[in-house]
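Working through the structure, step by step
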Amino acid sequence: MTTLRLEKIARDFSDGRQMRRVLLPTDLKLALGELTVLSGPSGSGKTTLLSIMGLVLRPSEGRMFLDTLEVTTLSDERAASVRLKKYGFVFQQPMLIEGLSVMENVLLAYGVQGGRLRADLRPKAEGILRTLGLDGTASMQPRLLSGGMKQRASIARALIKDPAILLCDEPTSALDAESGQAVMSILKRIALEEGRVVVVVSHDARVFPYADRLLKIENGAVVSDTRETYTAGRESP
Amino acid sequence: MRSLTAFRMVVHDRSSTAGALLGVVAIVFLVGQQLSILFGLLNYMSVLVDHSGADAWIMSANLRNVDAGNLVSTRYLDRVIGLGEVEWAEPVLIGNGLFRTRDGSFESVRVVGTRRPRMAGGPWQFARADEGALLDLEAVTVDRLDLAKLGNPQLDQVTEIGDRQVRVGAVTEGVRAFQGTLVFASLDKVSEIARTPPGRYSAILVRFTANADPAATLARLRALLPECSVFSSQELSRLTRSYYVVNTGIGGSFGFSTVIAVLIGGVVISLTMYTSVLSRSRDFAVMRAIGGRRRDIAVVVISEALIIAGIGLFAGFLMLATLLNATGGSSIPSYFPAQVPPILAGGTLIVSLLGSLIALRVALKAEPASVFH
């Protein structure tokens, strides 16, 4: 069972003249099967926290563990390999690579470090795309998809590796209400049914009802940590 | 997947791909064209030596190139002809004269006299008639590519060179020299035209027997004729080419234009790949975020450079081959030795990779954290 544990994680940024602490020392433990929403106003430190959780930003202080492995001290190369094996990312913008088809974008998440792709990956990717309502889009170029479809394709890219941890940065902010709900329903299902750690950064209140756990961050500090009473068997909102 | 990604990026980013391709094609085509003319001229410089069929040339002492020798005496011919390692030795006389054209004007020509019946050092390729025509004392050859310059003389037409009557006996094909229009004639006729003293030649050509050791025979000839220059044909060819390349400024001129072509191509490749990668920075950051290492990004960028270089090399060589075919039978000197294309391709590949270094640097700077706004 994969857990992500943060111990006194803090981050400073320099504006060129002085250091500014954007994330105060934070303790956090995230477990499988939960959709956690990080919420807070702009500049509160939620994206910084997400970036540190995703091993794309090093903390200035503190330690972070993925199960028993301390990941804060990993080299860039090793951190990349951990991201490849354990993490899935959904960004605010879908960030699909133009020129690659939808299928190739999905498979890239698996083959970004090179090597021959397993024969079963293509059927698996087709299955994920079908599940996300993207049947028939595999060979299409991303520019031909709507915003909602692109975001679902980016979720497919995150899921192809069966990541233990799925980190999503404002995944609904660029979408209309209907597409946003669809995406959140998918993320909720992934957390509950597939038993993954799902963390969603959002300041959109419409996302909160999907949260099993809601963390509010203000001025770099977690100011509230509330758990919803949904259970795995209960339908999402 | 990384190579496929690179290929897809190359295909998708058409404008920048076209720009980088232009750079590669410019290098291959411009440098290739420059080199073909340079090698064509180099061939012209030593054409008499290269097609002489001789193993050694005996010329006057302190020689700097095949065209700048003093006359040597026939007694040297007598000295070497009886050596066991010598299959044959033949004199060659080279002089200058004015060829009278049909309209009465004159054209400067370089006359080469060879001794009948072997005619060693004589013409080697014919468009009309053959070397048998030179058995006639009056006969001379003219080259097809020089016909217009010489007033389009016809076969058997009688004219003058250096106030001496000659008859056009044959038309050669591609027998031309760097130093001027080549006209072949008998040894006696050239002696008349150039007004050289009897028993004096420009060079003595020597052919070794099949079982002779070339190095040892050359050494023996040098020991036997200390007052002469004795060269193997390869040595004399190299000496002549080096002389003209250095002293006429051809080497510097071609070298400069080649460097400029490489620089222009390299800059075009560098700028277009830089622009392309800059516009893809976000994609490289995404690749880093989803698990790509810096070396994976490097593989994609270098693969892009290699794909563009590969396509550019193909297009460039195709254009170059078309040009060389089109100019093959013309008066433009062009020659492309077989070893040049691989060297040119390798050099272009290296310039393409160097051109992609700045782009690579930009790509490697893509931070995975930047994908989170």
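Since the structure is predicted, the reported quantities are computational estimates derived from the model, not experimental observations. (Residues numbered from 1 in each chain as written. Chains lettered and ligands numbered in written order. Predicted model: local features only at pLDDT ≥ 70, side-chain atom pairs only at ≥ 80, totals over all residues.)

Take the overall build of chain A next. Along the backbone of chain A there are six helices and 10 strands. For 237 residues, the compact-globule estimate of 2.2 N^0.38 gives 18 Å, and chain A sits close to it at 18 Å. Taking the principal axes of its C-alpha atoms as reference, chain A extends roughly 50 × 40 × 35 Å. Out of the 237 residues in chain A, the part that is buried amounts to 49%. Once local pairs closer than 6 in sequence are excluded, the contacts in chain A between residues at least 24 apart make up 70%. (Helix = DSSP H or I, 4+ residues; strand = E, 2+ residues; numbered from the N terminus. Rg over C-alpha atoms; globule rule 2.2 N^0.38 Å. Buried ≥ 20, exposed ≤ 12 C-beta atoms within 10 Å, placed from the backbone. Contact = placed C-beta atoms within 7 Å.)

The next thing to look at is the sheet that holds strand β2 (residues 19-30) of chain A. Pairing is antiparallel in the open sheet, where four strands are placed in the order β2-β1-β4-β5 (chain A). Since the sheet does not close on itself, it has two edges, and those belong to β2 and β5 (69-70) of chain A, each with one partner. (Pairing = 2+ DSSP bridges.)

Listed by partner, the interface residues are 29 residues for chain A and 26 residues for chain B. Of all the secondary structure elements, the ones that give two or more residues to the side of chain A that touches chain B are α1 (46-53), α2 (76-86) and α3 (102-111) of chain A. Among the elements that take part in the side of chain A that touches chain B, α2(A) stands out by supplying six residues, more than any other. Taken together, the residues of the side of chain A that touches chain B break down into 15 nonpolar, eight polar and six charged. (Nonpolar A, V, L, I, M, F, W, Y, C, P; charged D, E, K, R; others polar.)

This part covers the pairing of strand β8 (residues 164-172) of chain B. Note on strand geometry: in a regular strand, side chains alternate between the two faces of the sheet. All names here are of chain B. With two bridges joining them, strand β5 (residues 126-128) and β8 adopt antiparallel strand pairing. Within β8, the position partnered with Arg128 by the bridge is Val171. Pairing of strand β6 (residues 139-143) with β8, which is carried by five bridges, proceeds in the parallel orientation. Opposite Val140, over in β8, you have Val168 as the bridge partner. The turn joining strand β7 (residues 158-161) and β8, which pair antiparallel and follow one another in sequence, is formed by two residues; a positive phi near 55 degrees is taken by Gly162.

Counting 174 residues, the largest nonpolar core has Ala156(A), Leu187(A), Val24(B), Trp57(B), Ile58(B), Val183(B) and Ile204(B) as the members making the most contacts within it. Of all the elements, helix α2 (residues 14-45) of chain B adds the most residues to this core, at 14 residues. In this structure Val183(B) touches Phe99(B), Val109(B), Arg110(B), Val111(B), Val140(B), Thr141(B), Val142(B) and Ile161(B), once residues within four positions along its chain are discounted. (Core = buried A, V, L, I, M, F, W, Y, C linked by C-beta atoms within 7 Å.)

Another aspect to go through is unusual backbone geometry. Each neighbour pair has its own omega, and for Arg116(B) with Pro117(B) the value is 0 degrees, a cis peptide bond. Mapped onto the fold, Pro117(B) is located in the loop between β4 (106-114) and β5. You will see that Asp162(A), though not glycine, has its phi angle at about 50 degrees, which is positive. Tracing the chain through its elements places Asp162(A) in the loop between α5 (147-159) and β7 (165-169).

The next subject is the sheet that holds strand β3 (residues 34-39) of chain A. Residue and element names in this part refer to chain A. Strand order in this open sheet of six strands is β6-β7-β8-β3-β9-β10, and the pairing throughout is mixed. Of all the strands in the sheet, the pair left with one neighbour each is β6 (87-90) and β10 (221-227). Sheet twist, expressed as the average angle between the axes of neighbouring strands with direction ignored, equals 15 degrees. Where β3 lies against strand β8 (residues 197-201), five bridges are found, and the strand directions are parallel. Within the sheet, the bridge partner assigned to Val37 lies in β8 and is Val200. (Axes fitted to C-alpha atoms, helices over the stretch in contact; angles between N-to-C directions.)

Attention shifts here to the domain arrangement of chain B. Here chain B is described as being made up of domain 1 (2-44 + 249-366) and domain 2 (70-201). Relative to domain 2 of chain B, the C-alpha centre of domain 1 of chain B lies at a distance of 47 Å. (Domains from an automatic or database assignment.)

Here we take up the packing of α2(B) against helix α10 (residues 294-327) of chain B. All names here are of chain B. Two elements in contact, α2 and α10, have axes separated by 8 Å at closest approach and are oriented at 40 degrees. Comparing the axis directions of α2 and α10 gives the class oblique. Relative to α10, the crossing made by α2 is right-handed. Counted together, Thr17, Ala20, Leu21, Val24, Val25, Val28, Phe29, Gly32, Gln33 and Ser36 of α2 and Ile308, Ala309, Ile311, Gly312, Leu313, Ala315, Gly316, Phe317, Met319, Leu320, Leu323 and Leu324 of α10 form the full contact between these two elements. (Parallel < 35°, antiparallel > 145°, perpendicular 65-115°, else oblique. Left-handed = near helix turned anticlockwise from the far one by under 90°.)

Let's shift gears to the environment of Ala68(B). Residue and element names in this part refer to chain B. Residue placement: Ala68 occurs in the loop between β1 (56-60) and β2 (72-73). For Ala68, a count of 13 C-beta atoms within 10 Å translates into the label partly exposed. Sequence spacing of Ala68 and Thr272 is 204 residues, and the spatial spacing of their C-alpha atoms is 51 Å.

Our focus in this paragraph is α2(A). Inspection of α2(A) places Ala79(A), Ala80(A), Arg83(A), Leu84(A) and Lys86(A) among the buried residues, and these make up the whole buried set. Residues of α2(A) that are buried sit in contact with β4 (61-66), β6 and β7 of chain A together with α9 (281-289) of chain B.

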